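A closer look at the structure
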Amino acid sequence: MSGIGLAIFLLLGGMAFWLLFFLLGFAVPFWISLGIFDKIRPKRIFEEEK
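Residues numbered from 1 in each chain as written. Predicted model: local features only at pLDDT ≥ 70, side-chain atom pairs only at ≥ 80, totals over all residues. Heavy atoms only, no water.

Details of the overall build of the protein chain
What counts, and what does not: Strands here mean DSSP runs of E at least two residues long; helices mean DSSP runs of H or I at least four residues long; both are numbered from the N terminus. In this treatment the radius of gyration is a C-alpha quantity, and the globule benchmark scales as 2.2 Å times the residue count to the 0.38 power. Residue burial is assigned from relative accessible area. The probe radius is 1.4 Å, only protein chains are included, and a residue is buried under 20% of its type maximum, exposed over 50%, and partly exposed in between. Working definition of accessibility: Shrake-Rupley area with a 1.4 Å probe, residue cover restricted to the visible protein chains. Note on charges: Lys and Arg go in the positive column, Asp and Glu in the negative column, and His and the chain ends are not counted at all. Charge positions are represented by NZ for Lys, CZ for Arg, CG for Asp and CD for Glu.
When helices and strands are counted, the protein chain shows one helix and zero strands. Relative to the globule expectation of 10 Å for 50 residues, the C-alpha radius of gyration of the protein chain, 22 Å, shows a markedly less compact shape. Structurally, the protein chain occupies a C-alpha span of about 70 × 15 × 10 Å along its principal axes. Relative to its 50 residues, the protein chain shows a buried fraction of 0%. Accessible area of the protein chain: about 5300 Å², with a carbon and sulfur share of 76%. Mean positive and mean negative side-chain charge positions of the protein chain (5 and 4 charges, respectively) differ by 6 Å.

Following this line, the structure appears as C-alpha coordinates:
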(Lines give C-alpha, C1' and ligand atoms only; values in the text may rest on other atoms or scores of the structure.)
Protein backbone atom coordinates (compact mmCIF):
# COMPACT_ATOMS: atom_id res chain seq x y z
CA MET A 1 0.00 0.00 0.00
CA SER A 2 2.87 2.39 0.66
CA GLY A 3 4.11 1.76 -2.88
CA ILE A 4 0.87 3.16 -4.31
CA GLY A 5 1.15 6.21 -2.06
CA LEU A 6 4.73 6.78 -3.14
CA ALA A 7 3.75 6.44 -6.80
CA ILE A 8 0.90 8.96 -6.40
CA PHE A 9 3.24 11.34 -4.56
CA LEU A 10 5.86 11.12 -7.30
CA LEU A 11 3.21 11.51 -10.01
CA LEU A 12 1.76 14.65 -8.42
CA GLY A 13 5.22 16.05 -7.72
CA GLY A 14 6.28 15.45 -11.32
CA MET A 15 3.15 17.09 -12.69
CA ALA A 16 3.68 20.12 -10.43
CA PHE A 17 7.33 20.36 -11.50
CA TRP A 18 6.52 20.30 -15.21
CA LEU A 19 3.70 22.81 -14.73
CA LEU A 20 6.09 25.22 -13.00
CA PHE A 21 8.70 24.53 -15.68
CA PHE A 22 6.18 25.42 -18.40
CA LEU A 23 4.99 28.55 -16.60
CA LEU A 24 8.47 29.90 -15.95
CA GLY A 25 9.80 28.90 -19.35
CA PHE A 26 6.99 29.94 -21.66
CA ALA A 27 3.87 31.49 -20.12
CA VAL A 28 5.48 34.16 -17.93
CA PRO A 29 7.92 35.44 -20.62
CA PHE A 30 5.08 35.44 -23.16
CA TRP A 31 2.86 37.41 -20.78
CA ILE A 32 5.64 39.92 -20.05
CA SER A 33 6.46 40.40 -23.75
CA LEU A 34 2.77 40.97 -24.57
CA GLY A 35 2.64 43.63 -21.87
CA ILE A 36 5.78 45.32 -23.20
CA PHE A 37 4.52 45.33 -26.80
CA ASP A 38 1.18 46.70 -25.63
CA LYS A 39 2.93 49.59 -23.86
CA ILE A 40 5.23 50.31 -26.83
CA ARG A 41 2.56 50.20 -29.56
CA PRO A 42 0.95 53.59 -30.18
CA LYS A 43 -2.73 53.66 -29.46
CA ARG A 44 -5.09 54.91 -32.17
CA ILE A 45 -8.31 55.44 -30.27
CA PHE A 46 -9.53 58.72 -31.70
CA GLU A 47 -8.23 58.35 -35.26
CA GLU A 48 -10.59 57.01 -37.87
CA GLU A 49 -9.36 55.21 -40.96
CA LYS A 50 -10.58 56.65 -44.28
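Some thoughts on the packing of aromatic side chains
Put simply, the rule reads: Note on aromatic contacts: the rings of Phe and Tyr and the six-membered ring of Trp form a pair at centre separations within 6.5 Å, being stacked when their planes are under 30 degrees apart, edge-to-face when over 60 apart, and tilted otherwise.
Applying the stated criterion to the full structure yields five aromatic pairs. With a centroid separation of 6.2 Å and 25° between ring planes, the pair formed by F17 and F21 is classed as stacked. With F17 and F21 both in helix α1 (residues 2-40) and four residues apart, the pair spans about one turn of that helix. An aromatic cluster is built from F17, W18 and F21, whose rings are joined through pairwise contacts.

With respect to the environment of D38
Keep this limit in mind: Within 3.5 Å is the distance limit for a polar contact, defined as a pair of N or O atoms, with the added protein rule that one can donate a hydrogen and the other accept it, and that residues adjacent in sequence qualify only through two side-chain atoms.
Positionally, D38 belongs in helix α1. We classify D38 as partly exposed; its relative accessible area is 35%. It is 25 Å that separates the C-alpha atoms of D38 and L20, two residues lying 18 residues apart in sequence. Within the local environment of D38, its side chain forms a polar contact with the side chain of R41, the two groups lying 3.2 Å apart.

Observations regarding α1
The following threshold applies: What a helix is expected to span follows from its residue count: subtract one and scale by 1.5 Å. The bend at a residue is defined as the angle formed between two axes, one fitted to the seven residues ending at that residue and one fitted to the seven starting there.
The end-to-end C-alpha distance of α1 is 55 Å, a good match for the 57 Å that 39 residues give at a rise of 1.5 Å each. L23 marks where α1 bends most, by close to 40°.

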